[in-house]
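What follows is each chain in one-letter form.
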Amino acid sequence: MINRRSTLLALAATALLAGGCTTMGAKREPVYSGPTKTIKGYLRGSPLARLSPSSVVYITAYDATNGNSKPMPVIGETSFTLGRSGYFPIAYEIEIPAAKSAPKVALSVQIGTPGRILFANDRQYSQTTGRSMDISMGETPPRIRNFRRGL
């Protein structure tokens, strides 16, 4: 009985450790195949803002050919963990399909920890037609809590 219980506990502990070793927001393989276009640049923010190694950068690319008057289709996304303490700038790169159907690309960038966004684009979307773009980042406003029903 004791051997069975210790074996089950050992298996459960191994599963928890293996699950805890993965990083949240790991880069996924693209769902498209064919030629790609890479957009590179730097995320620039306040020189006083300190970033932790567990911060995750989320980047989403949209087809902005028709502007943002209607929902823009997502054409690529990536995320990565910083893995270092430090300050801005942060280098990034994202691959998108090289089709001629998306000559104007809008990028939405967020930096955060699980459950909390710390920084986001200064503008809602930063747009480019080229292969490089520096994006200015701003701190997100604090969440305002509703205390009408008490604490």
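Residues numbered from 1 in each chain as written. Predicted model: local features only at pLDDT ≥ 70, side-chain atom pairs only at ≥ 80, totals over all residues. Heavy atoms only, no water.

1. Quick word on the overall build of the chain
Line of reasoning, step 1. On a plain count of helices and strands, the chain comes out with one helix and eight strands.
Line of reasoning, step 2. Taken from N to C terminus, the helices and strands of the chain fall in the order α-β-β-β-β-β-β-β-β.
Line of reasoning, step 3. Expressed as a percentage of contacts within the chain between residues at least 6 apart in sequence, the contacts between residues at least 24 apart total 66%. (Helix = DSSP H or I, 4+ residues; strand = E, 2+ residues; numbered from the N terminus. Contact = heavy atoms within 4.5 Å.)

2. Here's the deal with the pairing of strand β8 (residues 135-139)
Line of reasoning, step 1. Taken together, the two bridges between strand β1 (residues 36-44) and β8 define a ladder with parallel strand orientation. Bridge pairing in β8 places R44 opposite S136. (Pairing = 2+ DSSP bridges.)

3. Let's talk about the pattern of salt bridges
Line of reasoning, step 1. A full pass over the atoms with the stated rule returns one salt bridge.
Line of reasoning, step 2. Note that D134 and R44 form a salt bridge whose closest N and O atoms lie 3.3 Å from each other. In this pair, D134 is assigned in the loop between β7 (126-128) and β8 and R44 in strand β1, connecting sequence segments 90 residues apart.
Line of reasoning, step 3. Overall, the relative accessible area of 44% leaves D134 in the partly exposed class.
Line of reasoning, step 4. Overall, R44 belongs to the partly exposed group, its relative accessible area being 39%. (Salt bridge = Lys/Arg side-chain N within 4 Å of Asp/Glu carboxyl O. Buried < 20%, exposed > 50% of the residue type's maximum accessible area, 1.4 Å probe, protein only.)

4. Digging into the nonpolar core
The nonpolar side chains of a soluble globular protein tend to be buried, and buried together.
Line of reasoning, step 1. Ranked by internal contacts, the top residues of the largest apolar core, which has 22 residues, are L43, F88, Y92, L107, I111, I135 and M137.
Line of reasoning, step 2. Those elements giving two or more residues to this core turn out to be β1, β2 (56-63), β4 (90-97), β5 (105-113) and β8.
Line of reasoning, step 3. Not counting the four nearest positions on each side in its chain, F88 is found in contact with L43, R44, G45, S46, A49, L51, I111, F119 and M137. (Core = buried A, V, L, I, M, F, W, Y, C linked by side-chain atoms within 4.5 Å.)

5. Thoughts on the packing of aromatic side chains
Line of reasoning, step 1. In the structure shown here, the tally under the stated rule is one aromatic pair.
Line of reasoning, step 2. Both rings, one in F88 and one in F119, keep their centres 5.2 Å apart while their planes meet at 85 degrees; by these two values the pair is edge-to-face. Of this pair, F88 sits in the loop between β3 (74-81) and β4 while F119 sits in strand β6 (residues 116-121), and the two are 31 residues apart along the sequence.
Line of reasoning, step 3. Here F88 falls in the buried class, since its relative accessible area comes to 11%. (Phe/Tyr/Trp six-rings, centres within 6.5 Å; stacked < 30°, edge-to-face > 60°.)

6. Focus: the environment of E77
Line of reasoning, step 1. Note on placement: E77 falls in strand β3.
Line of reasoning, step 2. Look at E77 and you get partly exposed, because its relative accessible area is 44%.
Line of reasoning, step 3. For the pair E77 and E95, spaced 18 residues apart in the sequence, the C-alpha separation amounts to 8.0 Å.

7. Concerning the side chain of D63
Line of reasoning, step 1. Along the chain, the position of D63 falls in strand β2.
Line of reasoning, step 2. A relative accessible area of 16% means that D63 is categorised as buried.
Line of reasoning, step 3. Within the structure, the side chain of D63 is placed 2.5 Å from the side chain of T65, a separation counted as a polar contact. (Polar contact = N/O pair within 3.5 Å; in protein donor to acceptor, adjacent residues only side chain to side chain.)

8. Some details on the side chain of N121
Line of reasoning, step 1. With respect to the helices, strands and loops of the structure, N121 is situated in strand β6.
Line of reasoning, step 2. One polar contact links the side chain of N121 to the main-chain carbonyl oxygen of L107, over a distance of 3.1 Å.
Line of reasoning, step 3. Sequence-distant contacts of N121, that is, excluding residues within four places in its chain, are made with L107, S108, V109, S126, I135, S136 and M137.

9. As for the pairing of β6
Line of reasoning, step 1. Taken together, the four bridges between β5 and β6 define a ladder with antiparallel strand orientation. Bridge pairing links T113 to R116 in β6.
Line of reasoning, step 2. Connecting the antiparallel pair β5 and β6 is a turn made up of two residues, with G115 showing a positive phi of about 90 degrees.
Line of reasoning, step 3. Pairing between β6 and β8: three bridges, direction antiparallel. Looking at β8, one finds that N121 is bridged to M137.

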